[in-house]
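Understanding the architecture of this molecule
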Amino acid sequence: MTVHNLYIFDPNGNCLFYNEWNRKKQAGISKEEEFKLMYGMLFSIRSFVSKMSPLDMKDGFLSFQTSKYRLHYYETPSGLKFVMNTDLSVSNARETLQHVYSNLYVELIVKNPVCTSTQTLDSELFSSRLDSFIKSLPYYSPRAA
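In this text the structure is predicted, and so the values were computed from the model without any measurement. (Residues numbered from 1 in each chain as written. Predicted model: local features only at pLDDT ≥ 70, side-chain atom pairs only at ≥ 80, totals over all residues. Heavy atoms only, no water.)

Looking at the environment of Y7
This is how the line gets drawn: Only DSSP runs of H or I reaching four residues or more are called helices, and only runs of E reaching two or more are called strands; each is numbered from the N terminus. In what follows, a contact means two residues having at least one pair of non-hydrogen atoms within 4.5 Å. Counted as a polar contact is a pair of N or O atoms within 3.5 Å, where, for protein atoms, one must be capable of donating a hydrogen and the other of accepting one, and residues adjacent in sequence contribute only when both atoms are in side chains.
Tracing the chain through its elements places Y7 in strand β1 (residues 3–9). Among all residues touching Y7, those that are not within four sequence positions of it are C15, F17, Y18, R23, E34, F35, M38, K81, F82, V83 and N85. Side chain to side chain, Y7 and E34 meet in a polar contact 2.4 Å long.

Have a look at this one:
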């Protein structure tokens, strides 16, 4: 069980924050290109799910999985998008992403007059608290395969 990485996007698709923990394979492209591809994929999946769902989905798209990883998605009312990739054993990380938003992002970025949330997040306090929180999760393992 492990967490591979976490992205935070603003409503316009700009990657505000990115961190890796147990990512084994790199994409082979620049980080900026990877961020654009990730946001484009999220935009397409959200659109597809909203059009194809037989029911009115209040939460919309929450996660999807491949044969190697699961992508977890949480969107805030203000349009921030939190994306976490984990291994397949993590079935639901919605509460984790909500915690990152409400207890870390809001408390350490939004309520901090020095930080502006319209640019990349360069807060060492946010990064260190996020790292500690992720490493404390029951499904985090530093030696995951």
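Description of the nonpolar core
Heads up, the condition is: The definition of a nonpolar core used throughout is a set of buried Ala, Val, Leu, Ile, Met, Phe, Trp, Tyr and Cys residues joined through side-chain atoms within 4.5 Å. Whether a residue is buried, partly exposed or exposed follows from its accessible area with a 1.4 Å probe, protein chains only, as a fraction of its type maximum: under 20%, in between, or over 50%, in that order.
Among the nonpolar cores identified, the biggest contains 28 residues, and F82, Y105, F126, L130 and I134 are the most heavily contacted of them. Put simply, the parts of the chain that give this core at least two residues each are β1, β2 (15–20), β5 (81–86), α2 (94–110) and α3 (124–136). A per-element tally of this core places α2 first, with eight residues. Other than its neighbours up to four places away in sequence, I134 contacts V3, W21, M84 and Y140. Within the second largest apolar cluster, 13 residues are counted, among which are Y39, I45, F61 and V83.

Thoughts on α3
Each turn of an α-helix holds 3.6 residues, which means side chains three or four residues apart point in the same direction. Worth spelling out the cut-off: Expected span, for any helix, means 1.5 Å times one less than how many residues it has. Note that the arc is computed from the directions linking the helix axis to the C-beta atoms.
Taking 1.5 Å per residue as the helical rise, α3 with its 13 residues ought to reach 18 Å, and the 18 Å between its terminal C-alpha atoms agrees with that figure. Residues of α3 that are buried include every one of F126, L130, F133 and I134, and no others. Taken down its axis, α3 places every buried residue within 95° of arc, on the same side. Seen from the open side of α3, the exposed residues pointing more than 90 degrees away from its buried face are E124 and S136. Here the buried face of α3 lies against β1, β2, β5 and α2.

Note that every value here comes from positions in space, so none of it alone points to a role or purpose.
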